[in-house]
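Close look at the chain arrangement
Take a look at the letters that make up each chain.
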Amino acid sequence: MEIARTVATRATCPRAMVGAVLTRKKRILTTGYNGAPRGVAHCLDVGCTLVDGHCLRATHAEANAIVQGALHGVSLEGATAYCTHQPCAGCSKLLISAGVVRIVYRDPYPDPVAEMLLAEAGVEAVQFASERAPA
């Protein structure tokens, strides 16, 4: 989860710093953060493109992690996704279709449709519980 948090620091949309790390058998397969598609100006440079309170200029971290797998020929079948935020419905559909079997997220972003789709597909989604003792 700490790696996902570090990846999130590269995000180029100021609305949320989101990171995702896809792993299998304790090996990192791909990473992604929220930012504009290749060849498109980033929110930090030109501002967000907001529609109904959502930035449509930025691609979500989970989607970018999946794209990295596609670009580099990395299968995500059987992977676990570590995400700084609970995936939205759109990212949940992509993760399901990519073959991800487990999602661990830090910050809740409740989306009943995402939760329903993940449950129906048999993808485990759990909130990260820090193993550190309270200070």
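In this report, the structure presented in the accompanying data block is examined.

Reading the values: the criteria
- Residues numbered from 1 in each chain as written.
- Predicted model: local features only at pLDDT ≥ 70, side-chain atom pairs only at ≥ 80, totals over all residues.
- Heavy atoms only, no water.
- Helix = DSSP H or I, 4+ residues; strand = E, 2+ residues; numbered from the N terminus.
- Rg over C-alpha atoms; globule rule 2.2 N^0.38 Å.
- Contact = heavy atoms within 4.5 Å.
- Areas by Shrake-Rupley, 256 points an atom, 1.4 Å probe, with all protein chains shown as cover.
- Pairing = 2+ DSSP bridges.
- Right-handed = clockwise from strand over helix to strand, strands pointing away.
- Expected span 1.5 Å × (residues − 1).
- Buried < 20%, exposed > 50% of the residue type's maximum accessible area, 1.4 Å probe, protein only.

1. Concerning the overall build of the protein
A count of helical and extended segments in the protein gives 5 helices and 7 strands. Helices (α) and strands (β) of the protein occur, in sequence order from the N terminus, as α-β-β-α-β-β-α-β-α-β-α-β. Expected size for 135 residues packed as a compact globule is a radius of gyration near 14 Å; at 14 Å, the protein falls within 12% of this value. Across the protein, contacts joining residues at least 24 apart in sequence account for 50% of those joining residues at least 6 apart. For the protein, the exposed surface amounts to about 7,900 Å²; the carbon and sulfur share of it is 55%.

2. A short note on the pairing of strand 6 (residues 102–107)
Both strand 5 (residues 80–85) and strand 6 contribute to a ladder of 5 bridges, which runs parallel. By the bridge assignment, Thr-80 is partnered in strand 6 with Arg-102. When strand 6 meets strand 7 (residues 124–127), the two strands line up parallel, connected through 4 bridges. Across the sheet, the residue bridging to Ile-103 is Ala-125, located in strand 7. Each parallel crossover has a hand, and the one from strand 6 via helix 5 (residues 112–121) to strand 7 is right-handed.

3. Some remarks on helix 3 (residues 61–72)
Between the first and last C-alpha of helix 3 there are 17 Å, a value that for 12 residues agrees with the 16 Å anticipated at 1.5 Å per step. Listed as buried for helix 3 are Ala-61, Glu-62, Ala-63, Asn-64, Ala-65, Ile-66 and Gly-69. At its buried positions, helix 3 is contacted by strand 1 (19–24), strand 2 (27–33), strand 5 and helix 4 (89–98). The first or second residue beyond helix 3 is Gly-73, which carries a positive phi of 65 degrees.

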